[in-house]
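# Working through the structure, step by step
Okay, here's what each chain looks like letter by letter:
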Amino acid sequence: LLKQYIPAVATCQKLLSMDPQDDQVFFLRGLLFKEQNADSLAIINLQRTADLNPEMTDAFIMLGDLHEKQSSPLAKGYYENALRADPENINALHAYAFYLQNHDDTEKALEIYDRMIDLNTAGPAPLVNSAVIHMDGGNFEKAKGLLIQAEALDSTFALTPFYLGECLSKMGETDEAKKAFQRSLDIDPEFR
């Protein structure tokens, strides 16, 4: 919170001297290094966390994110491990589905997004991401329905009316598209 990284790392060292197998301390170190963009140190500490506690879903998700940032194919395995640790974890499901979406496995990504929608605790993100996949595939009616559903679920998510505007524009509904784009700007005037 205060970004006092050096004292925080020093405290972690003291804690590790008391218990060198404390997975929570390695996780905290991973977070600290990730915040400082010291990705290789973050990976080492998060990997140690996962080794000590293979049920630590968040460590696997962060490892996936860090490896994805480096365009490493290891990312997929970490996301899969996160789901093995907790198959119903919304963050793990979203991270894996988004990875698949960005790596041209849209069919499997849609399956996961549908599962998230069925869980009904994920908010608008799986609806919006599914809509984007459907738009890319030319199924604008399906995308429109998903985006309307997402906007009804959370009217404060600026991406939803933006993509709805894109979708409506491609469908030739320019007046409605303009209204959707305006709603996006009303939510976030900086949105571009």
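The following paragraphs examine the structure supplied in this document. Since the model is a prediction, treat every value here as computed from it, not as a measurement.

## A word on the nonpolar core
Within the largest apolar cluster, 39 residues are counted, with the highest numbers of intra-cluster contacts made by Leu46 and Ile112. Contributions of two or more residues to this core are made by helix H1 (5–18), helix H2 (23–35), helix H3 (39–52), helix H4 (57–69), helix H5 (74–85), helix H6 (90–102) and helix H7 (106–119). Broken down by element, the residue count for this core peaks at eight residues, all from H6. Ignoring sequence-local partners within four residues, the contact set of Ile112 consists of Leu93, Tyr96, Ala97 and Leu100. Core analysis: the next-biggest nonpolar cluster, separate from the first, contains 13 residues, Val128, Met135, Leu147 and Ala177 among them.

## Some thoughts on the packing of H4 against H6
At a minimum axis distance of 10 Å, the contact between H4 and H6 shows a crossing angle of 20 degrees. As judged from the angle between their axes, H4 and H6 are roughly parallel. Viewed along their axes, H4 and H6 form a crossing whose handedness is left-handed. For the pair formed by H4 and H6, the contact residues are Thr57, Ile61 and Glu68 on the first element and Asn91, Ala92, Ala95 and Tyr99 on the second. Split by residue class, the contact of H4 with H6 holds four nonpolar, two polar and one charged.

## Description of the environment of Leu66
Positionally, Leu66 belongs in helix H4. Remark: the alpha-carbon pair of Leu66 and Met18, spanning 48 residues in sequence, is separated by 29 Å. Setting aside chain neighbours within four positions, we find Leu66 in contact with Lys34, Asp39, Ala42, Ile43 and Leu46.

Criteria and cut-off values
- Residues numbered from 1 in each chain as written.
- Predicted model: local features only at pLDDT ≥ 70, side-chain atom pairs only at ≥ 80, totals over all residues.
- Heavy atoms only, no water.
- Core = buried A, V, L, I, M, F, W, Y, C linked by side-chain atoms within 4.5 Å.
- Buried < 20%, exposed > 50% of the residue type's maximum accessible area, 1.4 Å probe, protein only.
- Helix = DSSP H or I, 4+ residues; strand = E, 2+ residues; numbered from the N terminus.
- Contact = heavy atoms within 4.5 Å.
- Axes fitted to C-alpha atoms, helices over the stretch in contact; angles between N-to-C directions.
- Parallel < 35°, antiparallel > 145°, perpendicular 65-115°, else oblique.
- Left-handed = near helix turned anticlockwise from the far one by under 90°.
- Nonpolar A, V, L, I, M, F, W, Y, C, P; charged D, E, K, R; others polar.

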